[in-house]
Amino acid sequence: MNYLTPDLCDENPELVRVMEPLFTNYGGRRSFGGEIVSIKCYEDNSLVKSQAACDGQGKVMVVDGGGSLRKALLGDMIAENAQRNGWEGIIIFGCIRDVDAIAALDLGVQAINTIPLKTEKRGIGDLNVPLQFAGVSLKPGEFIYADNNGIIVSSSALSASSD
């Protein structure tokens, strides 16, 4: 499905919250959206890995990594698993790695930067909790949409624009 965030903003101004423009599109799917599954973690991607193994049809994994630029919370193997399990996309307030491999996947991926270092898996993090970063508060079960123009959040599902 193709989402155009400018059109969604124009058509639903009272329903959308716009994230600060901190993110870069790294995935092969340039436009994506779906129901939020939230993860809060810091330099430990244990929950990102376990959630990528779950059914992600119609969902977007939103990861608050505290904005850390020291460790990558997503790499090619976890991203490939997420694609296999039908995730629409992953948004990471933190870093990713293996960007060339991720760019070849049919998966939306946005993050604030890249770094080649992986995390240690210590099993630390919180699943499906409210998050606040990039100037926006969001909750599991809300909806998020992303493209090259930016990222928006809504408490209800929005219709995709056709272009």
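This text gives an overview of the structure that appears in the document. (Residues numbered from 1 in each chain as written. Predicted model: local features only at pLDDT ≥ 70, side-chain atom pairs only at ≥ 80, totals over all residues. Heavy atoms only, no water.)

Things to note about the environment of Cys 9
Note that Cys 9 resides in helix 1 (residues 5–11). Taking the C-alpha atoms as reference points, Cys 9 and Ile 152, 143 residues apart in sequence, are found 8.1 Å from one another. With residues up to four places along the chain from it excluded, the contact list for Cys 9 reads Val 16, Val 18 and Ile 152. (Helix = DSSP H or I, 4+ residues; strand = E, 2+ residues; numbered from the N terminus. Contact = heavy atoms within 4.5 Å.)

Let's talk about the layout of surface pockets
Counted as a void, the largest pocket has a volume near 230 Å³. Around the largest pocket sit 13 residues that line it, and Asn 45, Met 77, Ile 78, Arg 97 and Lys 121 are the ones nearest its centre. Mapped by element, the contributors of at least two residues to the lining of the largest pocket are strand 5 (72–74) and helix 3 (76–84). If one sorts the elements of the lining of the largest pocket by residue count, helix 3 sits on top with 4 residues. Classifying every residue of the lining of the largest pocket gives 4 nonpolar, 3 polar and 6 charged. (1 Å grid on protein atoms, 1.4 Å probe; cavity = no way out; pocket = protein on both sides within 12 Å on 5 of 7 lines; lining within 4 Å. Points joined across faces, edges and corners; volume = space filled by probe spheres on them. Nonpolar A, V, L, I, M, F, W, Y, C, P; charged D, E, K, R; others polar.)

Let's talk about unusual backbone geometry
One non-glycine residue, Asp 98, lies in the positive phi region at around 60°. The class of Asp 98 is partly exposed, set by a relative accessible area of 31%. (Buried < 20%, exposed > 50% of the residue type's maximum accessible area, 1.4 Å probe, protein only.)

Here's the deal with the side chain of Glu 43
The topology assignment puts Glu 43 in the loop between strand 3 (32–40) and helix 2 (46–52). Classification of Glu 43 by relative accessible area gives buried; the value is 10%. Engagement of the side chain of Glu 43 in a polar contact is seen with the side chain of Tyr 42, the distance being 3.4 Å. Side chain to side chain, Glu 43 and Ser 68 meet in a polar contact 2.7 Å long. (Polar contact = N/O pair within 3.5 Å; in protein donor to acceptor, adjacent residues only side chain to side chain.)

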